[in-house]
Amino acid sequence: KQEVTQIPAALSVPEGENLVLNCSFTDSAIYNLQWFRQDPGKGLTSLLLIQSSQREQTSGRLNASLDKSSGRSTLYIAASQPGDSATYLCAWYSSASKIIFGSGTRLSIRP
Amino acid sequence: KAGVTQTPRYLIKTRGQQVTLSCSPISGHRSVSWYQQTPGQGLQFLFEYFSETQRNKGNFPGRFSGRQFSNSRSEMNVSTLELGDSALYLCASSLVPQGTNEKLFFGSGTQLSVL
């Protein structure tokens, strides 16, 4: 069964810290991987998309990496702010032509 | 530029009824996909439509169906509602089909409660 695992499930850190969220997937034959954030009761906002031929993508304080050989992706958030508090989900588009989401990491940044 | 619009925002139905949800994609986007989000199962893919044709379907029973119109707007229908169908239903749009390295843009969802 194709799965996506996100660790940790929840994380609470003080403002200003750098942090890493992890995502692992079971099939190395991916087409792309996306990181999303979801605020309570809302839809998802795409943060970064990494194509299968790429190793990383950067946007502002966010950096996402992809290692297909190990089946892992990481989202690095620099200098965290209270506005970063949200649930972060990764999703990969698999060789079976379906998008599969992880269960998410609930992030809380303490002022 | 308007985002993805989903209507209604909230819906309450009883078991056995049917429901239709609507999704208007971003102007120019031709791919619309639907997802079910529950606390227990997380976010799961229902189906994707591109140019009025269903491209992919997730592992959901036949009670879940959808369609896409020539203006790219999409509807999702659930017949014979069950308690377990209570969920946040999200739709997303993109310029081209999934898997072609285009970001997905999500609506705010329809919160369906089945009593």
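Everything in this summary refers to the structure shown in the same document. Note on numbering: residues in each chain are counted from 1, in written sequence order. As a convention, the first chain written is A and the first ligand written is 1, with the rest following in written order. Residues qualify for local features only when their pLDDT is at least 70, as the model is predicted, and side-chain atom pairs are given and counted only at 80 or more; totals for whole chains, interfaces and linings, by contrast, use all residues. The side-chain numbers reported here are obtained from all heavy atoms of the structure, hydrogens and water having been left aside.

### Comments concerning the overall build of chain B
Phase 1 of the analysis: The helix and strand tally for chain B stands at zero helices and 11 strands.
Phase 2 of the analysis: Here, residues are in contact when the closest pair of their heavy atoms is within 4.5 Å. Here the contacts in chain B between residues at least 6 apart in sequence split such that 56% fall between residues at least 24 apart.
Phase 3 of the analysis: Throughout, the Shrake-Rupley method with a 1.4 Å probe supplies accessible areas, and for residues the shown protein chains are the sole cover considered. Roughly 5300 Å² of accessible area belongs to chain B as shown, and the carbon and sulfur atoms make up 48% of that amount. Strands are runs of DSSP state E lasting at least two residues, helices are runs of H or I lasting at least four, and both sets are numbered from the N terminus onward.

### Considerations on the side chain of B:Ser72
Phase 1 of the analysis: Positionally, B:Ser72 belongs in the loop between β7 (64-68) and β8 (74-78).
Phase 2 of the analysis: In this structure, B:Ser72 is in contact with B:Pro25, B:His29, B:Arg30 and B:Val32, ignoring residues within four places of it in sequence.

### A word on the pattern of salt bridges
Residues and elements named next belong to chain B.
Phase 1 of the analysis: The working definition used for a salt bridge is a side-chain nitrogen of Lys or Arg within 4 Å of a carboxyl oxygen of Asp or Glu. Taken as a whole and judged by the stated rule, the model has seven salt bridges over all chains.
Phase 2 of the analysis: Across the salt bridge formed by Arg63 and Glu82, the nearest N and O atoms sit 3.6 Å from each other. Within this pair, whereas Arg63 is found in the loop between β6 (53-57) and β7, its partner Glu82 is found in the loop between β8 and β9 (87-94), the two being separated by 19 residues in sequence.
Phase 3 of the analysis: A simple rule labels every residue: compare its accessible area, found with a 1.4 Å probe on the protein chains alone, to the largest value its type can have, and call it buried under 20%, exposed over 50%, or partly exposed in between. Classification of Arg63 as buried rests on a relative accessible area of 16%.
Phase 4 of the analysis: A salt bridge links Glu75 to Arg73; the nearest nitrogen and oxygen atoms lie 3.4 Å apart.
Phase 5 of the analysis: Residue class for Glu75 comes out buried when judged on its relative accessible area of 17%.
Phase 6 of the analysis: One network of salt bridges, with partners in common, ties together Arg63, Glu82 and Asp85.

### Looking at the interface of chain B and chain A
Phase 1 of the analysis: Contact residues are listed per partner, giving 22 residues for chain B and 19 residues for chain A.
Phase 2 of the analysis: Two parts placed together each lose some accessible area; with a 1.4 Å probe, that loss summed over both constitutes the buried area. Regarding the contact of chain B and chain A, the summed buried area is about 1600 Å², with carbon and sulfur atoms giving 53% of it.
Phase 3 of the analysis: If you sort the residues of chain B by the area they bury against chain A, B:Leu43, B:Asn101 and B:Lys103 come out on top, with a joint share of 33%.
Phase 4 of the analysis: On inspection of chain B and its partner chain A, the count reaches zero salt bridges.
Phase 5 of the analysis: N or O atoms closer than or at 3.5 Å make up a polar contact, with two conditions inside protein: a donor-capable atom paired with an acceptor-capable one, and, for residues adjacent in sequence, both atoms drawn from side chains. Linking chain B with chain A are five residue pairs in polar contact (both at pLDDT 80 or more).
Phase 6 of the analysis: For the side of chain B that touches chain A, the secondary-structure elements that each account for two or more residues are β4 (31-38), β5 (42-50), β6 and β9 of chain B.
Phase 7 of the analysis: Class assignment of the residues belonging to the side of chain B that touches chain A gives a composition of seven nonpolar, 10 polar and five charged. Nonpolar residues are Ala, Val, Leu, Ile, Met, Phe, Trp, Tyr, Cys and Pro. Charged residues are Asp, Glu, Lys and Arg, and all others, Gly as well, are polar.

### Focus: the nonpolar core
Phase 1 of the analysis: In plain words, nonpolar cores are sets of buried Ala, Val, Leu, Ile, Met, Phe, Trp, Tyr and Cys residues tied together by side-chain atoms within 4.5 Å. Counting 24 residues, the largest nonpolar core has A:Leu33, A:Trp35, A:Leu75 and A:Tyr88 as its most contacted members.
Phase 2 of the analysis: The set of elements that each furnish at least two residues to this core consists of β3 (19-25), β4 (32-38), β5 (44-51), β7 (62-67), β8 (72-77), β9 (86-93) and β11 (105-110) of chain A.
Phase 3 of the analysis: Among residues more than four places away in sequence, those in contact with A:Leu75 are A:Leu19, A:Val20, A:Leu21, A:Trp35, A:Leu47, A:Leu48, A:Leu62, A:Asn63, A:Ala64 and A:Tyr88.
Phase 4 of the analysis: Within the second largest apolar cluster, 21 residues are counted, among which are B:Val19, B:Cys23, B:Trp34 and B:Cys91.

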